[in-house]
Amino acid sequence: MKMKVSLWKVLSIAVALVLCYAVNSDAFRVNVDEDTWADVTIRGQLSYKNFDKRSADIDYHQNYFELTEAEFYVKGQINDLIQFFTQWECVYIPLNIDGTKVTGDNSYKKERAYMKETGMNFLFSPEFKVRFGRIRIPVSRYHQRSDYAKIIQTDFFYRYDVHGVFTGNVVDVKKTALNIREPGVVFYGDPFDGMLRYHLGLFNQPNNDDHYKNLRYTARLAFTPTMLGFKPESSLKGTRKDSYLGKKDILTIGAGYSHEEIWEDLDNEMYAVDAFFEKKYGSIVPNLGLGYIKAKETHRDLIDGKSQDSAFWFVQGQLLYDEVVGFGKPAIAAKFERMQSDNAYLNEDVKSDRLSVALNYYVKGFSAWISLGLDNVKYKDGAKDYLEANNKEDSITDYTLSLQFIF
């Protein structure tokens, strides 16, 4: 990576100082009365990327600034029974992750604003609630993860499938197994003071050739041993953080299921298990998260036409020093993830391994955050054969300086 150290220092210190003084709250609250309120939030993610070589045939930009996201987010309460949330995002991405320019059919990625999530919660009782809208699909922790509370800033599987092997060029597991939002309804609750949390959901299944004739069924159950002092997780719109930065001790074990009919008469079922642990020990806050998703019948073998499965698993963690050093709190984080689809290319499995490491610096929690990260992606087996046939690199290492603000 050809970049002077002094530039990194100047960039990091300058932005950190701006964020430190500019961001002093998580949201602006509007109170109508004691039962009616709204939190108005503005969020943004910006980055500098040093791209590794993608292909001998494609001209790519090695140094690249990107305004990944800018969001306007409002959540609130009409009364004790009804809550709401709406999240709108603007995206400016002039380059695809493979280094090519965004043009033609993908030009919508360059400059667009769209509704990301919008929903309502009906709080009939702690044990029985209803969420309705374009919302998170509660199958696994991966599907519920917060976009603005990740310990690895570049952590989007579909975004970092550099050559799109699993997002359309060979198979498309993002639309099926790893799609995280869809219009639908979820029935959920927190029996036993949050020790258990259940989700039962009905969603559209747009990947079906009959489109919206039937529904996708989902279920998830999470357990927290509150009797040991751990706190249950909850959020108004159903997301989960990668870290609570030492504010509370968390231990959550979850399992989920989903059933959907998709194209070519495939009977797609997903089974998911995951766990998350975080506990503060003096000034040190370690956390560990892991998950596994088995997705059945995600695609067909192009040779004999038989249905085939996919699997996705990850393990990640962070070690936070919960004391101010300079003007923020330092941490180191890492993640390993694997994606595999059976017999997807010339009777071979296609695989990708991704290793990510990040040095995180929390000026004010996730509200003012700087992250210097490395992502290494290696394609294997049939995926490697596919890339070699198309003169593309099968091992890629990128470096990213990420900045985030929430106000």
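Residues numbered from 1 in each chain as written. Predicted model: local features only at pLDDT ≥ 70, side-chain atom pairs only at ≥ 80, totals over all residues. Heavy atoms only, no water.

Let's shift gears to the overall build of the protein chain. A tally of regular secondary structure across the protein chain gives three helices and 17 strands. Expected size for 407 residues packed as a compact globule is a radius of gyration near 22 Å; at 21 Å, the protein chain falls within 12% of this value. Based on the C-alpha atoms only, the size of the protein chain along its principal axes is roughly 65 × 55 × 40 Å. Across the 407 residues of the protein chain, 51% fall into the buried class. (Helix = DSSP H or I, 4+ residues; strand = E, 2+ residues; numbered from the N terminus. Rg over C-alpha atoms; globule rule 2.2 N^0.38 Å. Buried < 20%, exposed > 50% of the residue type's maximum accessible area, 1.4 Å probe, protein only.)

Take the environment of K392 next. With respect to the helices and strands, K392 occurs in the loop between α3 (382-389) and β17 (395-406). Taking the C-alpha atoms as reference points, K392 and H163, 229 residues apart in sequence, are found 8.2 Å from one another. Those residues within four positions of K392 in sequence are excluded, and the remaining contacts are R54, S55, H163 and L387. (Contact = heavy atoms within 4.5 Å.)

Turning our attention to the pairing of strand β13 (residues 307-321). By the bridge criterion, 14 bridges tie strand β12 (residues 284-300) to β13 in an arrangement that is antiparallel. By the bridge assignment for β13, N287 is matched with Q318. With antiparallel pairing between neighbouring strands as the criterion, β12 and β13 make up a hairpin whose turn holds six residues, including G305 at a positive phi of roughly 80°. In the sheet, β13 pairs with strand β14 (residues 329-345) via 11 bridges, with the strands oriented antiparallel. For A311, the partnering residue across the bridge sits in β14 and is Q340. (Pairing = 2+ DSSP bridges.)

What follows is about a negative patch on the surface. Together, D209, D210, E261, E264, D265 and D267 line one region of the surface with negative charge. Locating D210 in the fold gives a position in the loop between β8 (196-203) and β9 (216-223). (Patch = residues over 30% accessible without salt bridge, like charges linked within 9 Å, V, L, I, M, F, W, Y side chains within 5 Å. Areas by Shrake-Rupley, 256 points an atom, 1.4 Å probe, with all protein chains shown as cover. Salt bridge = Lys/Arg side-chain N within 4 Å of Asp/Glu carboxyl O. Lys, Arg positive; Asp, Glu negative; His and termini not counted. Charge placed at Lys NZ, Arg CZ, Asp CG, Glu CD.)

This brings us to α3. Taken together, the buried positions of α3 are occupied by G382, A383, Y386 and L387. Axial view of α3: buried residues confined to an arc of 140°, hence all on one face. Where α3 is buried, its residues touch β14, β15 (348-362) and β16 (368-381). N391 lies just past α3 and shows a positive phi near 55°. (Arc of directions from axis to C-beta.)

This part is about the side chain of H199. Among the secondary structure elements, H199 is positioned in strand β8. Leaving out residues up to four positions away in the same chain, H199 has contacts with P138, Q144, V186, F187, Y188, T218, A219, R220 and R240.

What follows concerns the environment of V377. In this fold, V377 is placed in strand β16. Under the relative-accessibility criterion, V377 is labelled buried at 2%. Distance from V377 to G44, taken between C-alpha atoms, is 26 Å for residues 333 residues apart in sequence. Beyond its immediate stretch of four places on either side in the chain, V377 contacts Y160, V162, D353, R354, D394, S395 and I396.

Another aspect to go through is the pattern of salt bridges. Taken as a whole and assessed by the stated rule, the structure comprises 28 salt bridges. One salt bridge in this structure joins E260 and R216, with 3.7 Å as the shortest N-O distance. One end of the pair, E260, is in strand β10 (residues 250-262); the other, R216, is in strand β9, and 44 residues separate them in sequence. One exposure class covers both E260 and R216, and it is buried. Ionic contacts of the salt-bridge type, sharing partners, join the residues R43, E69, E71, E89, K116, E117, R136, D147, R181 and K237 into one network.

Right, let's get into unusual backbone geometry. What you tend to see is this: most non-glycine residues have negative phi, and most peptide bonds are trans. Although it is not a glycine, F192 adopts a positive phi angle of roughly 60°. You will see that N347, though not glycine, has its phi angle at about 65°, which is positive. Mapped onto the elements, N347 comes out in the loop between β14 and β15. Judged by relative accessible area, which is 46%, N347 ranks as partly exposed.

Our next topic: the confidence of the model for the protein chain. Reading predicted coordinates in detail is not appropriate for stretches of low pLDDT. Confidence in the prediction for the protein chain averages 89 pLDDT; 91% of positions are at 70 or higher. Note that residues 1-25 has pLDDT below 50 and, in this model, 34 contacts with residues that lie over four places away or in other chains. (pLDDT = per-residue confidence, 0-100.)

Further remarks concern the nonpolar core. Among the nonpolar cores identified, the biggest contains 44 residues, and V165 and F166 are the most heavily contacted of them. Each residue touching V165, except ones within four places of it in the same chain, is listed here: V170, V171, V350, Y379, A383, Y386 and L387. Core analysis: the next-biggest nonpolar cluster, separate from the first, contains 14 residues, Y148, I152, Y362 and F366 among them. (Core = buried A, V, L, I, M, F, W, Y, C linked by side-chain atoms within 4.5 Å.)

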